[in-house]
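Tertiary structure, described
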Amino acid sequence: MSAQLAPEDVLTDEGYAVVATAEDLHVTFRRNGKAIHALRGISLEIRRGEILGLVGESGSGKSVLGLTLLGLHGAGATISGRATVRGRDMVSATDAERREVRIAHLGAVFQDPMTSLNPTMRVGRQVAEAAGSDEEALRLLRLVGVPEAESRMSAFPHELSGGLRQRVMIAMAVAGNPDLVIADEPTTALDVTVQAQVLRLLRTLRDELGCSVLMITHDLGVAAQIADRVAVMYAGRLAELGESDAVLRNSAHPYTLGLMRSRLTLGVDRSRALPALAGEVPSPAAPQPGCAFSPRCSVAGPDCVETSPEPVEVEPGHHSACLRPLAVVRRTDTMGPAVLTARAEPARIDQDTAALSLRSVVKTFGVGKGFGRKRTLHALRGVSLQIAQGESVALVGESGSGKSTLLRVAAGLEAADSGEVELSGGSRPQMVFQDSGASLTPWMTVEQILGERVRDLGRAARAAKVREALSLVGLPAEVGAARATQLSGGQRQRVCLARATIVPPPVLLCDEPTSALDVSLAASVINLIARLRRELGMSVLFVTHDLSVARVVADRIAVMYLGQIVEIGASDRVTSAPLHPYTRSLVSAVPDVGLTPVILPGEPASPLNPPSGCAFHPRCADATESCRDTELGLRLQRVANDDVDRVACINIDLSHVPTPVYITPKGA
Amino acid sequence: MAVAEPFVAPRPAWRRPVSLDLRAPRTWSIIGASLFAVMTLIALAAPLLSPHDPLVPVGIPLAGPGHGGFLLGSDSIGRDVLSRCLYGMRASWFAALVVIAGGFLIGGLVGLVAGSSGGWIDNLLMRITDGFLALPAPVLAIAVVASLGPSFTHTLIAVSVVWWPFYARIVRGEISKLAARPHVEAARLAGAGRVRIAVRHLLPGALPAAVVTASLDVGNLVLALAGLSFLGLGQSAPAPELGADSARNLSLLLQQWWVPVVPGIAVAVLAVIANVAGDSVRNLIDPA
Ligand SMILES: Nc1ncnc2c1ncn2[C@@H]1O[C@H](COP(=O)(O)OP(=O)(O)OP(=O)(O)O)[C@@H](O)[C@H]1O
Ligand code: SF4
Ligand code: SF4
Ligand SMILES: [Mg+2]
């Protein structure tokens, strides 16, 4: 036991108002001989019983702050300042003291529960280890809403779905009634419908247990939905802090304003290029002198490069670290005037020519389970889809619904078991992958990679073509000499787009090209894809799990569930007046500022064993007896004889198409 | 509109100027790795460095180190031990390099084909590889020498036969890991054929691991070959060979110790140098 431990601190649960604080906290790591300034003087407090949303893009230091509070920052870090939990400084404490504080006061949930759970141990035992007894473990698993908790106790982590694993992690985090739960991107790896469930759970737990939650997320919508107060971080410092509503709806810092404006929602104006923050997140290895945001800030002045602004109270309880007065920031258009006025030309679509048509495509995979016994995974269960020349179609659906498989079959990377894939003109489509870094050969230069598609040209012609392709995606010619590891995430995705379009393909296939990118970069990549599509007359098939992205990039949206398309229609109609019960739940689960999601119960079904009849029936609120019927033979049906909208559900009135609600943006 | 960001490509690690900062671990790794070159130079220059002809008697037999003009003494028929050691080191060093080069080429090719084709080709090639891997080196060497007649070349062939499968396994492991990365599919979509994918998009990624293994392997091979020649499976009689020289003169250990011990020490020195150099290569290629 340590001498610093004041007994009343530990024993009385009453009489404290602040659970944890950071006081002028600096954390610096050394990597490859370079100093990485992860936190550069951050001060904030987490109040008792509150949910504090900590928002920032990758590299802004939000996870480091969480780990420092947990006392898990590692030996390699140089730290100054304080990070206290219930009055005990986790920076100066010994390892044993940190452990003691973690056990007594803290709980943690991380993004990928698979890496924090022991894969060789039954989940019941793991929870019991944290909770003290099997009975307590069972109580906790019930508390976090694990269905059939008793039988799940004996399951191994890999036997649970992502959402259930995250619930198990949360059960372990709240074991022993912690005062503070630190949740680092707990829903980033989950589907929207499951994300909504988990967010609801965290809120309920806070209400029932009275613990505080530090909710670390890059998604402003998630923060809006769950947090009482929000702290926005930029380059290791606090940019803005205040009540959720104040920060997100009435932002005071130019960075937050920029983020809110470049954020994709279901209400974004589709007819214009998206407003995008210029530039990229600064590298933590070389911090900007003065205000770190100054290179991207439209109200920056010479003073911003000299003085590093401290957060000041701009409104009661609302702090912002900016040298400009509030009135100036709010009056200015933080994105710069050029961006907002760019009205995009609509793309030319030739409805009579199909660029890509898929007919009744079926694809199964044999997955081995232990020795010998192979099981059949039904990835695609009869998908038909036509894409007109110049048209853009988005595929949405939860993880495992077969979106990527469909794309890979269309690309010819995977052969269909049955069905037809027909490409106009017969030339190969090109594809852009989610992980842009991994899709570039690491030891080849950008020039060599791009040159591969124009190998039949002579040296000089090839070099010219590469330069042209790079400039088309907004990259300077010097990038040609770089390798993938030397580029930032946004630059890599541009290189991938340059490779795909150096010889314009008839169809561009995109597999979640923006989901690994920061909020402020995703918008610029989406704009780029839209511009390339218009200028090169390509068709686009775009896979995403994010409906608001789908709505912006696509003319039509196809919704997939368990290897089938269950609804297809014009983007605006699908996102504003969805027909299929599954689409309705998807639309309502999109986290947004000022919306309460409707929560879809149940877990995503398994493609190893698709339910009979309508595969959605176990989760469907409108399901009737006949939906279960094995003979149902559900097919996509025209809605009101129009050619665009189709839906596969027996309990829907097909006589008229609901009118889409065209969302008119403010100030348009 | 796309905003072109200013771009400055950082210099790749291997193009950084070589600094002679003796506190930097990199400097020591470079010095260590150059031991391979130094040893090869010594092996090449053995005829120049040797004071005498290693094959013919040049003075009184069994002279102690420093006596009769022999720096490290003479053997039972009056040949210079130092010269025999230098020639013996030359033979061991080149033999080790030859076997490794052979293993590297054959194993690398098998691994590349297996890893990049996958499916039944991969299975078949790896079964064969495992078969070879299961053969015990000395027994195979004895069998080869017994059937083809004793000769140094035959021993080298025998050792190579058991040595390449290591490289096949390592290269195939690296290649199949790389083959699962999306960059290979991207290359396929860009129109690259099988061979081009294997050579441009897979092989360069497997080379570092293979080179590290090879450089750590030189020491093992020096020892293995010395062991075989100690068993009489090396070069035939008059040729200077470290293992054989040591074995043949083992009876002199108590009186004229330098005759069997000096070649033994030479083997140890070679092995240690090879290991230091191999470690340095690993640190350079894979600094973790
Ligand atoms: N090569 C393969 N071998 C075995 N199963 C596979 C293979 N490729 C895909 N699957 C399975 O097929 C199903 C559909 O996968 P797919 O990748 O198309 O889903 P998705 O909708 O893209 O999901 P996500 O949003 O997670 O990317 C999943 O259950 C997946 O695990
Ligand atoms: S301090 Fe200057 S650069 Fe920083 S946000 Fe405010 S105006 Fe922009
Ligand atoms: S067919 Fe039945 S179960 Fe399927 S979506 Fe329609 S109502 Fe729900
Ligand atoms: Mg996918």
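Only a predicted model underlies this, so the values are computations on that prediction, with no experimental measurement involved.

Re the overall build of chain B
When helices and strands are tallied, chain B shows eleven helices and zero strands. Its helices and strands taken in sequence order, chain B reads α-α-α-α-α-α-α-α-α-α-α from the N to the C terminus. Its C-alpha atoms give chain B a radius of gyration of 24 Å, more than 25% over the compact-globule value 19 Å for 288 residues. In terms of overall dimensions, chain B has C-alpha extents of about 90 × 50 × 25 Å along its principal axes. Taken across its 288 residues, chain B has 43% of its residues classed as buried. For chain B, the share of sequence-separated contacts (at least 6 apart) that also reach a separation of at least 24 residues comes to 69%. Of the roughly 14200 Å² of accessible surface on chain B, a fraction of 70% belongs to carbon and sulfur atoms.

Some points on the pattern of salt bridges
Summed over all chains, the structure comprises 37 salt bridges over all chains. With a closest N to O distance of 3.9 Å, R88 of chain A and E100 of chain A form a salt bridge. Taken together, the residues span a long stretch of sequence, with R88 of chain A in strand β5 (residues 88-89) and E100 of chain A in helix α3 (residues 95-105) at a distance of twelve residues. Of the residues examined, E100 of chain A reaches a relative accessible area of 24% and is grouped as partly exposed. Between R196 of chain B and E452 of chain A there is a salt bridge, with the nearest N and O atoms lying 2.6 Å from each other. Here R196 of chain B, found in helix α9 (residues 194-230), pairs with E452 of chain A, found in the loop between α17 (446-451) and α18 (459-472), and the two come from separate chains. Judged by its relative accessible area of 3%, E452 of chain A falls in the buried class. What you see here is one network of salt bridges that share partners, running through R203, R206, D207 and D228 of chain A.

Looking at the nonpolar core
Core analysis: the largest hydrophobic core is formed by 66 residues, its most contacted members being L450 and L497 of chain A. Residues V127, L160, V222 and Y255 of chain A belong to the second largest nonpolar core, which totals 62 residues.

Some thoughts on a nonpolar patch on the surface
Residues and elements named next belong to chain B. A cluster of nonpolar side chains, V38, I42, L48 and L49, forms an exposed patch at the surface whose accessible area comes to about 380 Å². Relative to the helices and strands, L49 is located in helix α3 (residues 46-49). Among the residues examined, L49 registers a relative accessible area of 47% and is labelled partly exposed.

A word on unusual backbone geometry
All names here are of chain A. Phi at N177 is positive, roughly 45 degrees, even though this residue is not glycine. Its place among the elements puts N177 in the loop between α8 (162-174) and β7 (180-184). Of note, E185 is a non-glycine position whose phi angle comes to about 45 degrees, a positive value. Tracing the backbone shows E185 in the loop between β7 and α9 (192-209).

Side note on the site of ligand 3
Taken together, H580, P581, C614, F616, H617, C620, D622, A623, C627, C649, I650 and N651 of chain A make up the full set of residues adjacent to ligand 3. A per-class count over the shell around ligand 3 returns eight nonpolar, three polar and one charged.

As for the domain arrangement of chain A
Residues and elements named next belong to chain A. Splitting chain A by domain gives domain 1 (7-245), domain 2 (254-339), domain 3 (365-429 + 505-668) and domain 4 (439-500). Tallying the contact residues gives 13 residues for domain 3 and eight residues for domain 4. Interface area for domain 3 against domain 4, summed over the two sides, is near 880 Å², with a carbon-plus-sulfur share of 72%. Looking at the side of domain 3 facing domain 4, the largest losses of area belong to V525, L528 and L532, adding up to 38% of the total buried there. For the pair domain 3 and domain 4, the interface holds zero salt bridges. Linking domain 3 to domain 4 there are three residue pairs in polar contact (both at pLDDT 80 or more). Sorting elements by how many residues they give to the side of domain 3 that touches domain 4 places helix α20 (residues 519-536) first, with nine residues. Its residues assigned to classes, the side of domain 3 that touches domain 4 comprises ten nonpolar, one polar and two charged.

Here's the deal with the packing of aromatic side chains
Residues and elements named next belong to chain A. Summed over all chains, the structure comprises eleven aromatic pairs over all chains. With centroids separated by 5.3 Å and ring planes inclined at 65 degrees, the aromatic side chains of Y582 and F616 adopt a geometry described as edge-to-face. Placement of Y582 in helix α23 (residues 581-589) and of F616 in the loop between α23 and β22 (637-638) is noted, with a sequence separation of 34 residues between them. Like Y582, the residue F616 is buried in the burial classification.

Remarks on the sheet that holds strand β11 (residues 312-315) of chain A
All names here are of chain A. With mixed pairing, eight strands are arranged side by side in an open sheet as β6-β7-β8-β3-β9-β10-β12-β11. This sheet does not close on itself; its edge strands, each paired only once, are β6 (106-109) and β11. Along the sheet, successive strands turn relative to each other by an average axial angle of 20 degrees, direction set aside. Sheet topology places strand β10 (residues 237-243) next to strand β12 (residues 318-320); two bridges connect them, and they run antiparallel. The residue bridging E240 from the neighbouring strand is S320, located in β12. Along the sheet face, α8 touches β6 and β7 and points at about 170 degrees away from the line of β6.

Concerning the confidence of the model for chain A
Do not read the fine detail of predicted coordinates wherever pLDDT is low. Mean pLDDT over chain A stands at 86; residues scoring 70 or higher make up 93%. Contacts of residues 664-668 of chain A to residues separated by more than four positions or lying in other chains number two contacts, the stretch itself having pLDDT below 50.

Description of the packing of helix α2 (residues 35-44) of chain B against helix α4 (residues 81-117) of chain B
Residue and element names in this part refer to chain B. It is at 8 Å that the axes of α2 and α4 come closest, and there the two elements cross at 125 degrees. Considering their axes alone, α2 and α4 lie oblique with respect to each other. Viewed along their axes, α2 and α4 form a crossing whose handedness is left-handed. Contacts between α2 and α4 pair F36, M39, T40, A43 and L44 from the former with M89, R90, W93, F94 and L97 from the latter. Residue composition of the contact of α2 with α4, grouped by class: eight nonpolar, one polar and one charged.

A closer look at the pairing of strand β21 (residues 564-570) of chain A
All names here are of chain A. Among the seven residues that make up β21, five are buried, leaving the element largely enclosed by the rest of the structure. Strand direction decides the pairing type here: strand β20 (residues 556-561) and β21, joined by six bridges, are antiparallel. Across the sheet, R556 pairs through a bridge with A570, a residue of β21. Hairpin connection of β20 to β21: two residues between the antiparallel strands, including L562 at a positive phi of 50 degrees. Strand direction decides the pairing type here: β21 and strand β23 (residues 646-647), joined by two bridges, are antiparallel. What sits directly across from E567, in β23, is V647.

A few points about the pairing of strand β8 (residues 212-217) of chain A
Residues and elements named next belong to chain A. Most of β8 sits out of view: six of its six residues are buried. The alternating pattern of β8 places S212, L214 and I216 and V213, M215 and T217 on opposite faces, both of which are buried. As paired strands, strand β3 (residues 51-55) and β8 are joined by five bridges and run parallel to one another. Directly across from L52, in β8, lies its bridge partner L214. In terms of strand pairing, β7 meets β8 through five bridges, oriented parallel. The residue of β8 that forms the bridge with V181 is V213.

Observations concerning the interface of chain B and chain A
Taken residue by residue, the interface counts 27 residues in chain B and 36 residues in chain A. Approximately 2800 Å² of surface area, both sides summed, lies buried where chain B meets chain A, with 56% of it carried by carbon and sulfur atoms. Linking chain B with chain A are two salt bridges, by the criterion used here. At the surface where chain B touches chain A, the tally comes to ten residue pairs in polar contact (both at pLDDT 80 or more). Every element with two or more residues in the side of chain B that touches chain A is listed here: α8 (182-189) and α9 of chain B. The greatest single-element share of the side of chain B that touches chain A, amounting to seven residues, is contributed by α8 of chain B.

Concerning helix α5 (residues 119-133) of chain B
Residues and elements named next belong to chain B. The end-to-end C-alpha distance of α5 is 21 Å, a good match for the 21 Å that 15 residues give at a rise of 1.5 Å each. Those residues of α5 lying buried are D122, M126 and T129. Down the axis of α5, the buried side of the element spans an arc of 55 degrees, and every buried residue falls inside it. Every exposed residue of α5 that faces more than 90 degrees away from the buried side is listed here: W120 and R127.

Thresholds applied
Residues numbered from 1 in each chain as written. Chains lettered and ligands numbered in written order. Predicted model: local features only at pLDDT ≥ 70, side-chain atom pairs only at ≥ 80, totals over all residues. Heavy atoms only, no water. Helix = DSSP H or I, 4+ residues; strand = E, 2+ residues; numbered from the N terminus. Rg over C-alpha atoms; globule rule 2.2 N^0.38 Å. Buried < 20%, exposed > 50% of the residue type's maximum accessible area, 1.4 Å probe, protein only. Contact = heavy atoms within 4.5 Å. Areas by Shrake-Rupley, 256 points an atom, 1.4 Å probe, with all protein chains shown as cover. Salt bridge = Lys/Arg side-chain N within 4 Å of Asp/Glu carboxyl O. Core = buried A, V, L, I, M, F, W, Y, C linked by side-chain atoms within 4.5 Å. Patch = residues over 30% accessible without salt bridge, like charges linked within 9 Å, V, L, I, M, F, W, Y side chains within 5 Å. Near = heavy atom within 4 Å. Nonpolar A, V, L, I, M, F, W, Y, C, P; charged D, E, K, R; others polar. Domains from an automatic or database assignment. Buried area = accessible area lost by both parts, 1.4 Å probe. Polar contact = N/O pair within 3.5 Å; in protein donor to acceptor, adjacent residues only side chain to side chain. Phe/Tyr/Trp six-rings, centres within 6.5 Å; stacked < 30°, edge-to-face > 60°. Pairing = 2+ DSSP bridges. Axes fitted to C-alpha atoms, helices over the stretch in contact; angles between N-to-C directions. pLDDT = per-residue confidence, 0-100. Parallel < 35°, antiparallel > 145°, perpendicular 65-115°, else oblique. Left-handed = near helix turned anticlockwise from the far one by under 90°. Expected span 1.5 Å × (residues − 1). Arc of directions from axis to C-beta.

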